[in-house]
Structure formats: structure tokens, C-alpha cells
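As a plain string of letters, each chain reads:
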Amino acid sequence: MANVNIVRDKLVNFEVFISGGRKLGMADVTLPSIEYKTATLSGAGIGGEIEMPTPGQTSSMEIEINWRTINDDNAALLAVKAHDLEFRGANENYDAGTGELVIEAVKINVRSLPKKGDLGSPKPADHTDTKSTLEVIYLKETIDGKRQIEIDKLNYIHYVNGVDYLEGVRKALGL
């Protein structure tokens, strides 16, 4: 059970790493949106329509990395191959029971493929707003070492908050 005295405050900071733990340059990141594929359920006995999610089936997931300048990191992410990225963050929480600030580790791992590279807009004495857009084929969210979300589109894994929603599908398929 969650501690009711904890007030979730903010992300203190984060770093971005690529395969093998090499730190990437300064960047802003937009993490993927998880949207389930749905089918409309309607008919006798239902008062209208329901968009029913299909367990383990998600729409395309993208990650965007916005760079301050044109650099070798954004060029490297255009290589047509899988890129393993890791986003490590430190959340600050306030424990109202003890009055202390508590730091929790947040980690997002993605395996991604390049989709788009935007070189940005060069302006004197300003950022270029260069951008890398990647397709996410694997996503894992870990908070303080505990797996919260894991979506592996190629290996029939769709784990959310303690439940693997594709376990039965793997079993049915003999995997």
C-alpha cells in the first residue's frame, strides 16, 4: 500500500544515455504516449457503443528528443538500426509524516528505430531546436527498482502494475 503521507512533487533532474551507458548531450525529451488499439463494441444489450481496448495491442509509440544544437548525437540516432536509450531521473517527494524530502529513482528504457530527423532552424546566438523522432518497439518504466510498465511489441509482453496482460496470449500461442 502506498504511503499516504507522500506528496509527489517534481522531477529534480534527468540524464539521457545510449547503448552501453554513454551519456548523450543536453536534450529535452517527450516520452511515448501509450494508446491502446480499440474496437467498437455495440449491439443488443448495450446502451450505445464502447471502445474496448485490446490487451497488449498499442498504437505506434514515439519518443522525441529535442536538442539545443546540431550535434553528433542527433546524427547518430539517424542510423537505420535499433537504438537502446535510457532516461534516468530523480523524483523529489515530500514525506508529510516526517517532514523530509525523499528522492526516488525513475528509469525509462526504450529500444527504438529512427523515424525522423529535423535539423532545426539555425539562428545566431540561439538554439537550433534540432529534433530526433524515434519509433518505440520496447518500453520499460522502473520506479525505485520496481518494474511498473514493460511493453515489448515483438515478444508478446504487456506488463502494467503487476499484471502481464499477454501472458494468456503467449500460453495460447504455445510461446
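Our subject is the structure that appears above.
Residues numbered from 1 in each chain as written. Predicted model: local features only at pLDDT ≥ 70, side-chain atom pairs only at ≥ 80, totals over all residues. Heavy atoms only, no water.

## As for a nonpolar patch on the surface
Piece 1. A surface patch of nonpolar side chains, about 380 Å² in accessible area, is lined by Tyr156, Val169, Leu173 and Leu175.
Piece 2. Here leucine 173 is to be found in the segment after α2 (167–172).
Piece 3. A residue is classified by how much of its surface remains accessible, and leucine 173, at 49% relative accessible area, is partly exposed. (Patch = residues over 30% accessible without salt bridge, like charges linked within 9 Å, V, L, I, M, F, W, Y side chains within 5 Å. Areas by Shrake-Rupley, 256 points an atom, 1.4 Å probe, with all protein chains shown as cover. Salt bridge = Lys/Arg side-chain N within 4 Å of Asp/Glu carboxyl O. Helix = DSSP H or I, 4+ residues; strand = E, 2+ residues; numbered from the N terminus. Buried < 20%, exposed > 50% of the residue type's maximum accessible area, 1.4 Å probe, protein only.)

## What about unusual backbone geometry?
Piece 1. Not every positive phi belongs to a glycine, and aspartate 129 is a case in point at roughly 55°.
Piece 2. Along the polypeptide, aspartate 129 turns up in the loop between β8 (100–118) and β9 (130–143).
Piece 3. Phi is positive for aspartate 144, which is not a glycine, with a value near 50°.
Piece 4. If you trace the backbone, aspartate 144 turns up in the loop between β9 and β10 (146–152).

## Topic: the side chain of arginine 170
Piece 1. Take arginine 170: it is sitting in helix α2.
Piece 2. The exposure class assigned to arginine 170 is buried, which follows from its relative accessible area of 19%.
Piece 3. Not counting chain neighbours up to four residues away, the residues in contact with arginine 170 comprise Asn155, Tyr156, Ile157, Asp164 and Leu175. (Contact = heavy atoms within 4.5 Å.)

## Focus: the environment of glycine 89
Piece 1. Its place among the elements puts glycine 89 in strand β7 (residues 83–95).
Piece 2. A relative accessible area of 16% means that glycine 89 is categorised as buried.
Piece 3. For the pair formed by glycine 89 and valine 12, sequence separation is 77 residues and the distance between their alpha carbons is 7.4 Å.
Piece 4. Sequence-distant contacts of glycine 89, defined by excluding residues within four places in its chain, comprise Leu11, Asn13, Phe14, Glu104, Ala105 and Val106.

## Re the pattern of salt bridges
Piece 1. One pass over the structure, following the stated rule, counts 13 salt bridges.
Piece 2. For the salt bridge of lysine 10 with glutamate 92, the shortest nitrogen-to-oxygen distance reads 2.9 Å. Remark: glutamate 92 occurs in strand β7 and lysine 10 occurs in strand β1 (residues 6–18); sequence separation between them is 82 residues.
Piece 3. Among the residues examined, lysine 10 registers a relative accessible area of 43% and is labelled partly exposed.
Piece 4. Salt-bridge contacts for glutamate 15 lead to lysine 23; the nearest nitrogen and oxygen are separated by 3.2 Å.
Piece 5. Overall, the relative accessible area of 30% leaves glutamate 15 in the partly exposed class.
Piece 6. You can call lysine 23 partly exposed: its relative accessible area is 48%.
Piece 7. Counted as one network, the salt bridges with shared partners bring together Asp9, Lys10 and Glu92.

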